[in-house]
Amino acid sequence: MPELPEVETVRRSLTPYVINQTIADVTVYLPRMVRTHDPSGFHAHLVGQTINDLTRRGKHLIWHFPNCLMISHLRMEGKFFVSEESLPKMPHEHVRIQFTSGRVLIYQDVRTFGTFDLYDKPAELSTLKPLKDLGLEPFDAGFSGAYLHDQFNTRKGPIKPVLLDQTIILGLGNIYADEVLFCAGIHPTRKANKISLKRLNNLADCAKNVLKKAIELGGTTIRTYENSLGIDGLFQNELYVHTLENEPCRVCQTPIRRIKLSGRSTYYCKNCQH
DNA sequence: AGCACTGTTTACAT
DNA sequence: TATGTAAACAGTGC
């Protein structure tokens, strides 16, 4: 369930349950999910460590320990789940962290794309491999229409796939890219490097506003997805185009269209977006 | 049954 | 370089 608002929702909901918890045991059922260590090395580094903080960069969760960092990514369908008592292994459970308090943190992932990385504490977070090539989040200082104008300079193709490029804008995925483009009135196939600074200023504002609203509503729940604690987000009620093929546009009643761009379904209103 | 589709990212080809 | 495609995988729906 991972675009920036969903990951932020996971971070916020998990935080009170994991901060100051000390790890008693770690079980990795699917070793390839841990990319930096084998299961015994992962276990050895984490047991006895206390979680000091849980932060986020883009769609990555960053778990802070006294002696190391764990960076996890939910990819398509990763979910964390907290239990106050030990449970039998759950379907699609791949990692379990047992705390000394008796509390348990379980990672479930039907498609098994999620990842865990463990690193020694660096001087700069941005030097770590999963984070080093990432662009600016819409909430970062420096994110602006001018920044986008500069970054889009070499991008001759449709803007939609460019919005998904995490080395430029950090945190947008397929849902919010469509919604941000609708908000900005920009057609998804418009060439990125041909969009005026004025329109990119508007796009930058839309990115901030759409993500802010989505975070406030606990993210988007569509299809079978739900957030970490089993509670649905509410932003699906605020969608204007994504998943709404053939539905009348909420603004002008024109049926919403769906096309494919770089292999991803892309929804837009041909009347509102140019 | 078989294919298309899925909130992501990566390697690889052109 | 930039961009498109396939792949990692499992499940759902038509």
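### Overview of the pairing of strand 5 (residues 79–83)
And then number 1: For strand 5, the tally of buried residues reaches four of five residues, placing the bulk of the element in the interior.
And then number 2: Across five bridges, the pairing between strand 5 and strand 7 (residues 104–108) is antiparallel. Considered in strand 7, the bridge of Ser83 is made with Val104.

### As for the domain arrangement of chain A
And then number 1: According to the domain assignment, chain A contains domain 1 (4–127) and domain 2 (145–268).
And then number 2: On a C-alpha basis, the centroid separation for the pair domain 1 and domain 2 is 29 Å.
And then number 3: With 18 residues of domain 1 at the interface, the matching set in domain 2 holds 17 residues.
And then number 4: Where domain 1 meets domain 2, there are zero salt bridges.
And then number 5: Between the two partners, domain 1 and domain 2, sit four residue pairs in polar contact (both at pLDDT 80 or more).
And then number 6: Looking at the side of domain 1 that touches domain 2, the elements that each hand over two or more residues are helix 1 (4–18) and strand 5.
And then number 7: At ten residues, helix 1 tops the list of elements feeding residues into the side of domain 1 that touches domain 2.
And then number 8: Tallied by class, the residues present in the side of domain 1 that touches domain 2 amount to eight nonpolar, three polar and seven charged.

### A look at the protein's contact with DNA strand C
And then number 1: Contacts to DNA strand C come from Arg32, His92, Val110, Arg111, Thr112, Phe113, Thr154, Arg155, Lys156, Gly157 and Ser262.
And then number 2: Close to the protein, within 4 Å, the atoms of DNA strand C belong to sugar or phosphate groups at a rate of 56%.
And then number 3: With respect to DNA strand C, the side chain of His92 contributes an N or O atom lying 2.8 Å from a phosphate oxygen.
And then number 4: Here Arg111 contributes a side-chain N or O atom positioned 2.8 Å from a base oxygen of DNA strand C.
And then number 5: Counted by class, the surface near DNA strand C contains two nonpolar, five polar and four charged residues.

### A closer look at the environment of Asp117
And then number 1: Relative to the elements of secondary structure, Asp117 occurs in strand 8 (residues 115–120).
And then number 2: The exposure class assigned to Asp117 is buried, which follows from its relative accessible area of 3%.
And then number 3: Between the C-alpha atoms of Asp117 and Leu134, which are 17 residues apart in sequence, the distance is 16 Å.
And then number 4: Residue contacts for Asp117: discarding those within four places in its chain leaves Arg35, Thr36, Leu69, Met70, Ile71 and Pro130.
And then number 5: A distance of 2.7 Å separates polar atoms of two side chains, one belonging to Asp117 and the other to Arg35.

### So, the state of the cysteines
As used in these notes, a disulfide is a covalent bond between sulfur atoms, one from each of two cysteines.
And then number 1: If you walk through the whole model with that rule in mind, you get one disulfide.
And then number 2: A disulfide bridge connects Cys183 with Cys206, and the sulfur atoms are separated by 2.3 Å. Taking the torsion about the sulfur-sulfur bond, which here is approximately -75°, the covalent link between Cys183 and Cys206 counts as left-handed. Within this pair, whereas Cys183 is found in helix 5 (residues 174–184), its partner Cys206 is found in helix 6 (residues 197–216), the two being separated by 23 residues in sequence.
And then number 3: The exposure class of Cys206 is buried, given its relative accessible area of 4%.
And then number 4: The thiol of Cys249 is unpaired, and the distance to the nearest cysteine sulfur, on Cys272, comes to 3.8 Å.
And then number 5: For Cys249, a relative accessible area of 1% puts it in the buried group.
And then number 6: Considering cysteine sulfurs only, Cys252 is the nearest to Cys269, which forms no disulfide, with 3.6 Å between them.

Reading guide: rules and limits
Residues numbered from 1 in each chain as written. Chains lettered and ligands numbered in written order. Predicted model: local features only at pLDDT ≥ 70, side-chain atom pairs only at ≥ 80, totals over all residues. Heavy atoms only, no water. Buried < 20%, exposed > 50% of the residue type's maximum accessible area, 1.4 Å probe, protein only. Helix = DSSP H or I, 4+ residues; strand = E, 2+ residues; numbered from the N terminus. Pairing = 2+ DSSP bridges. Domains from an automatic or database assignment. Contact = heavy atoms within 4.5 Å. Salt bridge = Lys/Arg side-chain N within 4 Å of Asp/Glu carboxyl O. Polar contact = N/O pair within 3.5 Å; in protein donor to acceptor, adjacent residues only side chain to side chain. Nonpolar A, V, L, I, M, F, W, Y, C, P; charged D, E, K, R; others polar. Near = heavy atom within 4 Å. Disulfide = S-S within 2.5 Å.

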